[in-house]
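Residue-level structural notes
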Amino acid sequence: MELCFTDEQERFRSKVREYAVSRITPSVPAMEQSDAFPRALVSEMGGFGLLGLPVPKEWGGSGADLISYMIAIEEISKASATVGVILSVHTSVATLPILYYGTEEQKKKYLPRLASGEWLGAFALTEPHAGSDAAAIRTSAVWDGTDYILNGSKVFITNAGEADVYIVFAVTGPGQGASGVSAFIVEKAAPGFCVEKKEKKMGLRGSNTCELTFDQVRLPTAQRLGREGQGFVMAKSILDGGRIGIGAQALGIARAALEHTELLVKAQYVIERQRAVEPVLTELAARVEAASLLVYRAAWLRQNGKPCTKEASMAKMFASDTAMSVTTEALQLFGGSGWTNEHPLERLFRDAKVTQIYEGTNQIHRIVISNELLKS
């Protein structure tokens, strides 16, 4: 079993890191201050090939493997977790579902535009009473003999407002539970579709998180993604990939915090005090490496078509807990200087917290992991 990246993947990492440092890092202060979506930067990333990394070249993508895609999320999130989540949501849970489940016509229409950055994607599952549980949603899509009529609402939708294409889950078979859920591709311009208020968040400033409403939105059969009733199975598979992406995002945050801490210890701590903090630094470094192994193992399993629900949840849970613990310990070492918004650590601390919450809280993932362990 190989436990290292290929030379090609390492060269790709260097290329993405250089781009992140030179192009993304300078944009962070503006996003933090104005909370404005970095549309120009996202479009530039599309031209750089980052928005279609795992999409085959025949559909306008870069044709990269899933490991390389996770490397990109990690390196970009080191510079900005905001940009990391924009990329992750656009690719993992908006673009790839069309690649995996779409018809030829849907692939031709959407994939080249999504891969190039001409269009941005979003994923709409969460409702006020239902988080990542697709079987509990209430948004409905009723067939009237000609079209599906979509009614309902979604909350906490990343990229909303800026996105042009939304993967939306709705009930098509009332009373059928999980087997009554279907998925649809909904375009931003669809009559009756409305993006409501933008949430004011503690972290990830610059990324849009909004509520969506659907009022008599007409969707022809051509807008249904996959078979009717396949939505629950699709959502579970899509979320596995999304959770690995969140793990990579959290890993990037943790690595950035660790690097800042290492620089602090080298520059400001005298030898005696360095020895006192060495155990803390060692523990943090070990956690980051363990998180990396979990994230990339889950990515390898998914890339090779192997079951990875347990591993994806482990990667997301452990990496996000690691991001939170590393940023917290780093703040303790930095003291007051790290708590001001003059220092990147303050932002990393805020951004780390959300990785424990979205794509299912970590308590939910502990239940998922337990269930998978007991099944086996």
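Our subject is the structure that appears above.
Okay, so let's go over this structure. (Residues numbered from 1 in each chain as written. Predicted model: local features only at pLDDT ≥ 70, side-chain atom pairs only at ≥ 80, totals over all residues. Heavy atoms only, no water.)

As for the overall build of the protein
Here is the rule we go by: To qualify as a helix, a DSSP run of H or I must reach at least 4 residues; to qualify as a strand, a run of E must reach at least 2; elements of each kind are numbered from the N terminus. When we talk radius of gyration, it's over C-alpha atoms, and the globule rule is simply 2.2 Å times the number of residues to the 0.38. Each accessible area is a Shrake-Rupley estimate made with a 1.4 Å probe; only the visible protein chains count as cover when residues are assessed. Residues counted as positive are Lys and Arg, residues counted as negative are Asp and Glu, and His and the chain ends are not counted. By convention, the point assigned to a charge is CZ for Arg, NZ for Lys, CD for Glu and CG for Asp.
If you tally the helices and strands in the protein, you get twelve helices and eight strands. The C-alpha radius of gyration computed for the protein amounts to 21 Å, which stays within 12% of the reference 21 Å derived for 376 residues, consistent with globular compactness. Considering only C-alpha atoms, the protein reaches an extent of 80 × 45 × 40 Å along its principal axes. Summed over its atoms, the accessible surface of the protein is roughly 16300 Å², and 54% of this surface lies on carbon and sulfur atoms. A distance of 1 Å separates the average location of the 40 positive side-chain charges in the protein from that of its 42 negative side-chain charges.

Quick word on the packing of helix 4 (residues 66-79) against helix 5 (residues 81-101)
In a packed pair of helices, the relevant descriptors are the angle between the two axes and the axis-to-axis distance. Just so we agree on the cut-off: Each axis is a line fitted through C-alpha atoms, and for a helix only the stretch in contact is used; angles between axes span 0 to 180 degrees, taken between their N-to-C directions. Under this scheme an angle from 65 to 115 degrees is roughly perpendicular, one under 35 degrees roughly parallel, and one over 145 degrees roughly antiparallel; angles in between are oblique. Contacts are assigned to residue pairs that have any heavy atoms within 4.5 Å of one another. For this scheme, ten residues count as nonpolar: Ala, Val, Leu, Ile, Met, Phe, Trp, Tyr, Cys and Pro. Four count as charged, namely Asp, Glu, Lys and Arg, and the remainder, Gly too, count as polar.
At a closest axis distance of 6 Å, the pairing of helix 4 and helix 5 adopts a crossing angle of 155 degrees. By the angle between their axes, helix 4 is roughly antiparallel relative to helix 5. Taking contact as the criterion, the partners of Y69, I73, I76, S77 and A79 in helix 4 are, on helix 5, A81, V83, G84, L87, S88, T91 and S92. A breakdown of the residues in the contact of helix 4 with helix 5 according to their chemical character gives seven nonpolar, five polar and no charged.

Some details on the packing of helix 5 against helix 6 (residues 104-116)
Operational definition: Note on convention: near helix rotated counterclockwise from far helix by under a right angle means a left-handed crossing. Clockwise means right-handed.
Interaxial distance between helix 5 and helix 6 falls to 9 Å at its minimum, and their mutual angle equals 155 degrees. Looking at the two axes, helix 5 sits roughly antiparallel to helix 6. As for the relative orientation of helix 5 and helix 6, their crossing is left-handed in sense. Contact residues: H90, T95, I98 and L99 in helix 5; Q106, K107, Y110, L111 and L114 in helix 6. Its residues assigned to classes, the contact of helix 5 with helix 6 comprises five nonpolar, three polar and one charged.

Points about the environment of K109
Just so we agree on the cut-off: The buried label applies to any residue whose accessible area, calculated with a 1.4 Å probe on protein chains only, is under 20% of its type's maximum; exposed applies above 50%, and partly exposed to all values in between.
Here K109 shows up in helix 6. Given a relative accessible area of 34%, K109 falls into the partly exposed group. As a C-alpha pair, K109 and W59 span 50 residues in sequence and 9.7 Å in three-dimensional space. Each residue touching K109, except ones within four places of it in the same chain, is listed here: W119, E187 and Q223.

Side note on empty space enclosed by the protein
What counts is decided by this rule: Using a 1 Å grid laid over the protein atoms alone, points where a 1.4 Å probe fits but cannot get out form a cavity; open sets with protein on both sides within 12 Å along at least 5 of 7 lines form a pocket; any residue with an atom within 4 Å of a point counts as lining. Grid points are joined across faces, edges and corners, and a volume is the space filled by probe spheres set on the points.
Counting across every chain of the model gives one cavity of 30 Å³ or more. Quantified by volume, the largest cavity comes out at close to 40 Å³. Together, L66, M70, S92, L96, Y100, G241, G242 and R302 line the largest cavity. Of all elements in the fold, only helix 4, helix 5 and helix 7 (231-268) reach the threshold of two or more residues within the lining of the largest cavity. Among the elements that line the lining of the largest cavity, the one with the most residues is helix 5, at three residues. Class assignment of the residues belonging to the lining of the largest cavity gives a composition of four nonpolar, three polar and one charged.

Quick notes on helix 12 (residues 362-375)
Three- or four-residue spacings in an α-helix give side chains the same orientation, since the helix completes a turn every 3.6 residues. Where we set the bar: Here a helix's expected span is defined as the number of its residues, less one, multiplied by 1.5 Å. The arc in question is the one traced by the directions running from the helix axis out to the C-beta atoms.
For helix 12, spanning 14 residues, the distance from its first C-alpha to its last is 20 Å, which sits close to the expected 20 Å at 1.5 Å a residue. Here helix 12 has its buried residues at N362, H365 and I369. The arc that holds every buried residue of helix 12, seen down its axis, measures 50 degrees, which confines them to one face. Looking at helix 12, the residues exposed on the side facing more than 90 degrees away from the buried face are L374 and K375.

Thoughts on the pattern of salt bridges
If the charged atoms of two oppositely charged side chains come close together, the side chains can form a pair. This is how it is decided: Note on definitions: salt bridges are taken to be side-chain nitrogens of Lys or Arg within 4 Å of carboxyl oxygens of Asp or Glu.
Summed over the entire model, instances satisfying the criterion amount to 23 salt bridges. Between E10 and R13 there is a salt bridge; the shortest N-O distance is 4.0 Å. On the criterion of helical spacing, the pair formed by E10 and R13 is a turn pair, its members being three residues apart in helix 1 (residues 7-24). Judged by relative accessible area, which is 36%, E10 ranks as partly exposed.

As for the layout of surface pockets
Roughly 720 Å³ of internal volume is contained in the largest pocket. Where the lining of the largest pocket is concerned, the elements lending two or more residues are helix 5, strand 3 (148-158), helix 7 and helix 11 (344-355). Tallied by class, the residues present in the lining of the largest pocket amount to 15 nonpolar, nine polar and seven charged. The space that makes up the second largest pocket amounts to roughly 560 Å³. Every residue lining the second largest pocket is counted, 23 residues in all, and those nearest its centre are T25, V28, A79, P344 and R347. Partitioned by chemical class, the residues of the lining of the second largest pocket number eight nonpolar, five polar and ten charged.

Some details on the pairing of strand 4 (residues 165-171)
Selection rule: The rule for pairing is simple: two strands pair if DSSP sees at least two bridges between them.
Strand 4 sits mainly inside the fold: seven of its seven residues count as buried. Burial along strand 4 is two-sided: the residues V165, I167, F169 and V171 and Y166, V168 and A170 are all buried. Where strand 1 (residues 121-124) meets strand 4, four bridges bridge the pair, whose relative direction is parallel. Paired with F123 across the two strands is I167, which belongs to strand 4. As paired strands, strand 4 and strand 5 (residues 181-187) are joined by seven bridges and run antiparallel to one another. Residue pairing in the sheet places V165 in a bridge with E187 of strand 5.

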